[in-house]
Structure formats: structure tokens, C-alpha cells
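Structural overview
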Amino acid sequence: MVLVYIDQADHQIKKSSLEAMSYAAAIAKQLGCEAAALVLGTVQDPLAELGKQGAQKVYHLKNEQLNTLDVKVHSHIIATAAKNINATVVVLAHNINGKAIAPAVAVKLEASLVTGASSLPTIENGFVVTKTVFSGKAFASIQMDTPIKVIAIRSEEHTSELQSPMYLVCRL
């Protein structure tokens, strides 16, 4: 299972989270598993949009207190959800919130972490993620060897491909 943290602001799902959802769906396809979205807080956007981006399941913890980022609380919820659904990959947008949350989630899950990923991983010889380094002037390929992986994807690095909206929304 690939789990994606869906970031929101002012009750609207951020565009970078839709891109992360599409990226996660592509990873799930590579691995032959499902992609699931985790939405924290109240959102006005229809959750069906996540299904269009490739989510087979949407877990929604609808609580107004989660509308404001609290790294400790959010990272705990994401890590707990990842454990509960046996996620092997956790994806976040590499935005201000993702940069704060991803390391904490990786520590809680004892996972490897790549921030600023710029392409889909290759899985032929292990799980290798490419990211930009030196202000985008070079690339680094990083082998992720732990059972659980946390990836923060750079915005607009993975173009969204609309999927058929086959999904299940689970209110938590």
C-alpha cells in the first residue's frame, strides 16, 4: 500500500497534494498495490478529485483542530495510519508542510527518507529515487533499503494523469 498525506489550506486541497497523489498512484502501479489518501481536517473540495488522481481509498479524519498544522500531531497520525494499513511507501508534497512533517514521519516509522524527489523510483535493482541537488544543477540517485520509505515529491515534477474515479471514502 502507498499512503499519501493530502495537505490542505483554508479547507481546500493543495495542488501539490494532487500531484503527490498522482505520483503515489504511479508508484502503486509499479509495485502492484493500491494507493490511499489521508486527509486531515475539514475540506470543502470534493474528495472524488483524489479518486481521479489515482486513490483507491481515501481516509478522512474530519476534525477542525487538524486544519492548522501541528507537526507532532500530524506526523503521529500519518505514521499511525501508515502502520495500520501496512503502507510500505508514504508520499508527501515537498512544500512547507511536507518539509516539516516528512522527517518526523520517517523517524516514527524507522523509514528511509528522500526529500525533493524529482522522478518516479526505479525498482529493477532495488528502490532508487532520483532528486535534484546543488540547486537543481545535478541529480542524485538514492537507494532506499528500509522496508518503509518516505518520499517528498517536488511540485510539478510529476504530471497528473486523470484516472477513472474508482475509490472508497472512509471517514475516521
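Right above here is the structure, for reference.
Residues numbered from 1 in each chain as written. Predicted model: local features only at pLDDT ≥ 70, side-chain atom pairs only at ≥ 80, totals over all residues. Heavy atoms only, no water.

Some words on the packing of aromatic side chains
- Counted under the stated rule, the structure contains 0 aromatic pairs.
- Against the face of Phe127 rests Lys149, its NZ or CZ located 5.4 Å from the ring centre. (Phe/Tyr/Trp six-rings, centres within 6.5 Å; stacked < 30°, edge-to-face > 60°. Lys NZ or Arg CZ within 6 Å of the ring centre and 35° of its normal.)

Describing the nonpolar core
- Counting residues in hydrophobic clusters, the biggest one holds 29 residues, and the most contacted among them are Met21, Leu50, Val91 and Ile151.
- When residues of this core are traced back to their parent elements, those giving at least two are strand E1 (2-6), helix H1 (15-31), strand E4 (35-40), strand E6 (89-93), strand E7 (112-117) and strand E10 (149-153).
- Counting residues per element, this core draws most heavily on H1, at 8 residues.
- Leaving out residues up to four positions away in the same chain, Val91 has contacts with Val2, Leu3, Val4, Tyr5, Ala20, Tyr23, Ala24, Ile27, Ile151 and Ile153.
- In terms of nonpolar packing, the next biggest core, distinct from the first, is built from 24 residues, Tyr59, Ala87, Val105 and Ala106 among them. (Core = buried A, V, L, I, M, F, W, Y, C linked by side-chain atoms within 4.5 Å. Buried < 20%, exposed > 50% of the residue type's maximum accessible area, 1.4 Å probe, protein only. Helix = DSSP H or I, 4+ residues; strand = E, 2+ residues; numbered from the N terminus. Contact = heavy atoms within 4.5 Å.)

What to know about unusual backbone geometry
- With a phi close to 55°, Asp10 is a non-glycine residue in the positive phi region.
- Turning to its location among the elements, Asp10 is positioned in the loop between strand E2 (8-9) and strand E3 (12-13).
- Of the residues examined, Asp10 reaches a relative accessible area of 69% and is grouped as exposed.
- The phi dihedral of His11 falls on the positive side, at around 70°, and the residue is not glycine.
- Within the secondary structure layout, His11 lies in the loop between E2 and E3.
- Residue classification places His11 among the partly exposed residues on the basis of a relative accessible area of 26%.

Details of the pattern of salt bridges
- A full pass over the atoms with the stated rule returns 3 salt bridges.
- A salt bridge links Lys14 to Asp7, with the nearest nitrogen and oxygen atoms 3.3 Å apart.
- Exposure remark for Lys14: the relative accessible area of 23% places this residue in the partly exposed category.
- The closest approach of N and O atoms between Glu19 and Lys15, which form a salt bridge, is 3.3 Å. With Glu19 and Lys15 both in helix H1 and 4 residues apart, the pair spans about one turn of that helix.
- Lys15 gets classed as exposed once you look at its relative accessible area, which sits at 55%. (Salt bridge = Lys/Arg side-chain N within 4 Å of Asp/Glu carboxyl O.)

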